[in-house]
Every structure is written in C-alpha cells, then in structure tokens.
Amino acid sequence: MVEVVLGALVRGGRVLLVHRSPSKRAYPNVWDLPGGVVEAGESELDALRRELHEELGVRMATDSASHLCRFTAGPPDEPALLSAWLVRVWEGAPANVAPEEHDDIGWFELEELPPSPHAPLRTALVSAMTRGR
C-alpha cells in the first residue's frame, strides 16, 4: 500500500491549502493539504519535510509537527495510507514552487475551508485548529 504524508501549515488561525491540478490522477481539481508519497527508507516526518520543501519551498521545523490523523483513502483496488501532520513552525514564505502539482495555493480560515476530499482529515484539522485558537 502506498503511504502518503500531508502537512497542514497553520498560522494565525488559517491553514495553507493547495489546489491540485486538474491533470492529477488522484484527487484532481480540489483544494487539499500539500504532501506526497513516502519514499523507501524515509520516516513520515522526513518525507513531509522533503515534500513541503519541494512543493512550497519551506523548511519545516520537525519538532513543531504533531500528528493529526491516519486513514485509508482511494479506490479499493489502489488504496493509500494517508498520514496528516499539523505544522506550526517553518522557515521561508510558502510559494507554489511545484506548478505541475498545484495550480494555486491559499490561506483559509476555518469558516472558509472548501470541501475536503477526505472527511476524516477535515474533522481532525477543524478540531486541532479550534483547540489552537
């Protein structure tokens, strides 16, 4: 089963989401958290650090990440294990440095969150952000 990590960059009561390119095979044309596949030999946090740098150009402070949730998603014949992390500290200004992956990025307050392709993730994110206010 493919393992995927997702990172919720949270600051000032807002979370950074990426708009997945309409050409993406998995979850095209939706707002989601940035992240990607855990490569062989990587820990989840190593993969998350790498993915956030590749996609947003930021350097995550590993000790600032706290686990949000883990769940299985995708079609029954190609399920993926998704693991989402809350990230409160990073260096650099997030930018869309992977336009082949996303066609936009944006900051959203809880009241503005677009529909999520992952109900368990949305529930965990809203809960964490509400507690963190």
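Residues numbered from 1 in each chain as written. Predicted model: local features only at pLDDT ≥ 70, side-chain atom pairs only at ≥ 80, totals over all residues. Heavy atoms only, no water.

K.L.:
What is the right way to look at the nonpolar core in this model?
P.N.:
Generally speaking, soluble globular proteins have nonpolar side chains that are buried together. Counting 23 residues, the largest nonpolar core has Ala8, Val15, Leu68 and Leu121 as the members making the most contacts within it. Apart from the residues lying within four places of it in its own chain, the contact partners of Leu68 are Ala8, Ala84, Trp85, Leu86, Leu121, Ala124, Leu125 and Ala128. Val5, Leu9, Ala47 and Trp90 belong to the second largest nonpolar core, which has 16 residues in total. (Core = buried A, V, L, I, M, F, W, Y, C linked by side-chain atoms within 4.5 Å. Buried < 20%, exposed > 50% of the residue type's maximum accessible area, 1.4 Å probe, protein only. Contact = heavy atoms within 4.5 Å.)

K.L.:
Where do I start with empty space enclosed by the protein in this structure?
P.N.:
Counting across every chain of the model gives 1 cavity of 30 Å³ or more. Here the largest cavity defines a volume of roughly 120 Å³. Lining of the largest cavity is provided by Leu17, Trp31, Asp32, Leu33, Leu113, Pro114, Pro115, Ser116, Pro117, Leu121, Arg122 and Leu125. Broken down by secondary-structure element, the contributors of at least two residues to the lining of the largest cavity are strand S3 (31–32) and helix H2 (119–132). If you tally residues by element for the lining of the largest cavity, the top one is H2, at 3 residues. For the lining of the largest cavity, the residue count by class is 9 nonpolar, 1 polar and 2 charged. (1 Å grid on protein atoms, 1.4 Å probe; cavity = no way out; pocket = protein on both sides within 12 Å on 5 of 7 lines; lining within 4 Å. Points joined across faces, edges and corners; volume = space filled by probe spheres on them. Helix = DSSP H or I, 4+ residues; strand = E, 2+ residues; numbered from the N terminus. Nonpolar A, V, L, I, M, F, W, Y, C, P; charged D, E, K, R; others polar.)

K.L.:
Explain the side chain of Ser83 here, please?
P.N.:
Within the fold, Ser83 resides in strand S7 (residues 80–87). Side chain to side chain, Ser83 and Arg70 meet in a polar contact 3.3 Å long. Polar contacts involving the side chain of Ser83 include one to the side chain of Trp85, which spans 3.3 Å. (Polar contact = N/O pair within 3.5 Å; in protein donor to acceptor, adjacent residues only side chain to side chain.)

K.L.:
What exactly am I supposed to notice about the side chain of His102 here?
P.N.:
Among the secondary structure elements, His102 is positioned in strand S9 (residues 102–109). Within the structure, the side chain of His102 is placed 3.1 Å from the side chain of Glu55, a separation counted as a polar contact.

K.L.:
How do you make sense of the environment of Phe71 when you look at a structure like this?
P.N.:
Inspection of the secondary structure assignment puts Phe71 in strand S6 (residues 65–73). With residues up to four places along the chain from it excluded, the contact list for Phe71 reads Ala80, Leu81, Leu82, His118, Pro120 and Leu121.

K.L.:
Hey, could you run me through the layout of surface pockets in this one?
P.N.:
It is a probe the size of a water molecule, rolled over the atoms, that shows where empty space is left. When its volume is computed, the largest pocket comes out at roughly 680 Å³. Along the wall of the largest pocket there are 29 residues; nearest its centre are Val4, Arg20, Ala26, Tyr27 and Val37. Only strand S1 (2–11), strand S2 (14–20), strand S4 (35–37), helix H1 (44–56) and S7 provide two or more residues apiece to the lining of the largest pocket. Counted by class, the lining of the largest pocket contains 15 nonpolar, 5 polar and 9 charged residues.

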